[in-house]
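# Structure assessment
Letter by letter, the chains look like this.
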Amino acid sequence: MSCVNEFVDLIIQSDNDYQELDRVYLYNRICALVGDDNHQSDADLKLALIKTAILNNKITDDPTNKEILNDQLMDFVTPLPSRVNQKFWNLYQQSPESATNYFYQMSQDNDYIKVKAIAKNISYNVATDYGALEITINLSKPEKDPKAIAAASQQTQTGYPKCQLCLENEGYLGRLGYPARTNHRVIRFTLGGQTWGFQYSPYAYFSEHAIFLNQIHQPMIINQHTFNNLLEIVRIFPQYFVGSNADLPIVGGSMLSHDHYQGGRHDFPMMKAPLARKIAIPVANVEAGIVKWPMSTIRLSSEGPEALVKAATLIHENWMNYSDEMVDIRAYTNETRHHTVTPIAYRKNDKYILDIVLRDNQTSVKYPEGIFHPHQDVQHIKKENIGLIEVMGRAILPARLKIELKEVERYLLNQPNKMAAYHKTWADQLKKNYDLSDDNVEKIVDKETGLIFKRVLEDAGVFKWNDQGQTAFDKFIGSLI
């Protein structure tokens, strides 16, 4: 049986509207994409179809065209958006978990979530004073094709879709320098009186990594409306956490141009962290405390969301204008605002919880990348912005480290190596601190990489875990009147 016939069988067996009567129609539709001849065989059916298309000169053998064809093919096994939404909300009547289980499984089955690519990621935990931190080296996202980048720069930019988070990506073919989304589906729901979308991340950083995105392409902003939205999402999906990246450069995420949140089913290290001490917040029916966490975090909890919104708004509005020169905290430089928060909402033991992480994006002569950003001595491991996921204790480290850390291990064992010069100071310190051998070097490098990430988070904390820092933190809490 040809790969085209096998794929037609798969389409008819899938959860969509195609039936046996559609067989000839589907065969011709697939041949229009891959060609009538040279039908290839491969254990991976999609790969066989892509090979067929290349042999028949339907596409060129490059990452962009192969991705576009892959998603066009998988669109055939994916129900229409209207049907996905209908089934999702019908299942929601049984339970929120039934609905998300369906949507998550469908998004994996149709290859929107890149399960095979995600499996390449390196992941392990490292014990610290703040609990076990989660270390990942991100290997799932494909390398950018230099030819595609060059070609894309010569293309006329249409401005459609405006960004990769817009609802207009649903079913979008893709182009040079812009991902294919033909098999992409988005659940619609109402949030704060507006239409929002719910989808999963194609290159997930944790289980059921979800994205909640505004139908309107507008910049991210943290305000009272944000706190309302986050708590409403965990009311709708009580099995998920949801949080927002900060809304300023340096301390914000990589997509500040489109209003969105991230969530999913994962118990992050920060969420497990205990309170270091309770604090008094002048809002009724709210329990509050400072979390034992490297980044300055206030935890609010209540049986209902309304009081939490009031307390979070009080903290946010005070922080936006709060300065303490003794600990390098300044709300403004001339007219430039430096303060914001990273808020995270979730449910635990029938209570709503809202963690408010204080952020400051100042720079200085000493710290040009950011006073509360990974400092230069740890940038050999992590120099990128500390966004929502990392705030909560899951490191997303660059792919370069997979090779670079192996070279560090060779250096530590006095073997021939090509270790990057920027690792040398760190590696020399490891040589002094450990009795290294073939049996323990990998574990030691993994552990010390995790401890560097701990330092990264400490650098990003505005109130340090020393007497001066915690006294300053209490002073800020005292200003909440």
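Scoring rules and cut-offs
In every chain, residue numbers begin from 1 and rise along the written sequence. The predicted nature of this model means local features are confined to residues of pLDDT at least 70 and side-chain atom pairs, given and counted, to a pLDDT of 80 or more, with totals for whole chains, interfaces and linings taken over all residues. Note: side-chain values were computed over all heavy atoms of the structure, leaving out hydrogens and water. Every helix listed is a DSSP run of H or I at least four residues long, and every strand listed is a run of E at least two residues long, numbered separately from the N terminus. Radius of gyration: over C-alpha atoms. The globule rule applied is 2.2 Å multiplied by the number of residues raised to the 0.38 power. Exposure classes here rest on a 1.4 Å probe applied to the protein chains alone. A residue is buried below 20% of its type maximum, exposed above 50%, and partly exposed in between. Any carboxyl oxygen of Asp or Glu that lies within 4 Å of a side-chain nitrogen of Lys or Arg is treated as forming a salt bridge with it. Working rule for contacts: check all heavy atoms of both residues, and any pair within 4.5 Å makes them a contact. As used in this record, nonpolar core signifies buried Ala, Val, Leu, Ile, Met, Phe, Trp, Tyr and Cys residues forming a set joined through side-chain atoms within 4.5 Å. The span you would expect from a helix comes to 1.5 Å times its residue count less one. UniProt positions are given in the numbering used here, feature names are shortened, and annotations may be inferred rather than shown by experiment. Only strands that DSSP links by at least two bridges are regarded as paired with each other. Each axis is a line fitted through C-alpha atoms, and for a helix only the stretch in contact is used; angles between axes span 0 to 180 degrees, taken between their N-to-C directions. Centres within 6.5 Å make a pair out of two Phe, Tyr or Trp rings, where for Trp the six-membered ring is used; the pair is then stacked when the planes are under 30 degrees apart, edge-to-face when over 60, and tilted otherwise. Regarding the arc, it is the one traced by the directions from the helix axis to the C-beta atoms. Any pair of nitrogen or oxygen atoms within 3.5 Å is treated as a polar contact; in protein, a donor-acceptor pairing is required on top of that, and neighbouring residues in sequence qualify only through side-chain atoms on both sides.

## Brief notes about the overall build of the protein chain
Within the protein chain one finds 16 helices and 15 strands. In terms of overall dimensions, the protein chain is globule-like: its C-alpha atoms have a radius of gyration of 25 Å, near the 23 Å expected for 481 residues. Projected onto its principal axes, the C-alpha coordinates of the protein chain cover approximately 75 × 60 × 45 Å. Counting across all 481 residues of the protein chain, residues that qualify as buried make up 54%.

## Some details on the pattern of salt bridges
All chains considered together, the criterion is met by 34 salt bridges. Between R23 and E20 there is a salt bridge whose closest N-O contact spans 2.7 Å. Residues joined in a network through salt bridges with shared partners are D15, D17, R83 and K87.

## Observations regarding the environment of I54
Note that I54 resides in helix α3 (residues 45-55). I54 sits in the partly exposed class, given a relative accessible area of 23%. Note: C-alpha distance between I54 and S41 (13 residues apart in sequence) is 13 Å. If near-sequence neighbours (up to four positions away) are discounted, I54 is found in contact with I59, D61 and K66.

## Details of the nonpolar core
Judged by nonpolar contacts, the single largest core of 63 residues is most densely connected at F198, F212, I281, L300, L358, F463 and F476. Here L300 is in contact with I281, V286, E287, A288, L308, A311, A312, I315, Y352, I353, L354 and I356, once residues within four sequence places are set aside.

## Observations concerning helix α11 (residues 305-320)
An ideal rise of 1.5 Å per residue puts 22 Å on 16 residues; α11 measures up with 22 Å between its terminal C-alpha atoms. Buried residues of α11: A307, L308, V309, A311, A312, T313, L314, I315, H316, W319 and M320, and no others.

## What to know about the UniProt feature "domain: Galactose-1-phosphate uridyl transferase C-terminal" (unreviewed entry) in the protein chain
The sites that carry the UniProt feature "domain: Galactose-1-phosphate uridyl transferase C-terminal" (unreviewed entry) are, in the present numbering, residues 235-427. Within the segment residues 235-427, helix and strand shares are 22% and 27% respectively, and the terminal C-alpha atoms sit 48 Å apart.

## Quick notes on unusual backbone geometry
With an omega of -15°, the peptide bond running from Y160 to P161 counts as cis. In the Ramachandran plot, D111 falls in the positive-phi region, its phi being about 65° despite a non-glycine side chain. Looking at the secondary structure, you find D111 in the loop between α6 (96-109) and α7 (115-118).

## Topic: the sheet that holds strand β14 (residues 351-360)
An order of β3-β4-β5-β7-β6-β13-β14-β10-β9-β8 is seen for the ten strands of this open sheet, with the pairing classed as antiparallel. Each end of this open sheet is capped by a strand with a single partner; those strands are β3 (187-191) and β8 (275-279). Each neighbouring strand pair of the sheet contributes to a mean axis angle of 25°, computed without reference to strand direction. Here ten bridges tie strand β13 (residues 339-348) to β14, and the two strands are oriented antiparallel to one another.

## Here's the deal with the sheet that holds strand β1 (residues 122-128)
Strand order in the open sheet made by the three strands is β1-β2-β15, with mixed pairing throughout. Every other strand in the sheet has two partners, leaving β1 and β15 (394-397) as the edge strands with one partner each. Strand-to-strand, the axes of this sheet are offset by a mean angle of 25°, without reference to chain direction. Along the sheet, helix α15 (residues 441-460) makes contact with β1, β2 (131-137) and β15, crossing β1 at roughly 70°.

## Examining the side chain of D459
Of note, D459 is situated in helix α15. The buried category is assigned to D459, whose relative accessible area is 6%. Not counting residues within four places of it along the chain, the set of residues in contact with D459 comprises I371, F372, H373, P374, H375, V378 and K464.

## Description of the packing of aromatic side chains
With the rule as written, the count across this model stands at 30 aromatic pairs. Ring geometry for F212 against F237: centres 6.1 Å apart, planes inclined by 35°, an arrangement best described as tilted. Note that F212 is positioned in strand β5 (residues 210-214) and F237 in the loop between α9 (224-236) and β6 (241-243), a separation of 25 residues in sequence. A network of ring pairs unites the aromatic residues F88, W89, Y92, F103, Y104, F189, F198, Y200, F212, F237 and Y240 as a single cluster.

## Observations concerning helix α16 (residues 467-478)
For α16, which comprises twelve residues, the first-to-last C-alpha distance of 16 Å matches the rise-based estimate of 16 Å (1.5 Å per residue) to within 8%. Regarding α16, the residues found buried are G469, Q470, A472, F473, F476 and I477. The buried residues of α16 all sit within an arc of 155° when viewed along its axis, so they share a single face. What points out from α16, more than 90 degrees from its buried face, is the exposed set D467, T471, K475 and G478. Contacts from the buried residues of α16 go to β8, β9 (287-291), β10 (297-302), α11 and β14.

## Structural notes on the environment of N228
Mapped onto the elements, N228 comes out in helix α9. On the accessibility criterion, N228 (36% relative accessible area) is partly exposed. As a C-alpha pair, N228 and L308 span 80 residues in sequence and 8.9 Å in three-dimensional space.

## What about the pairing of β1?
Two elements, β1 and β2, share seven bridges in a ladder whose sense is antiparallel. What sits directly across from A127, in β2, is A132. The turn linking β1 back onto β2 is made up of two residues.

## Details of the environment of E404
Mapped onto the elements of the fold, E404 is located in helix α13 (residues 400-412). Placed 134 residues apart in sequence, E404 and M270 show a C-alpha to C-alpha distance of 28 Å. In this structure E404 touches Y422 and H423, once residues within four positions along its chain are discounted. Polar side-chain contacts of E404 include one of 2.7 Å to the side chain of H423.

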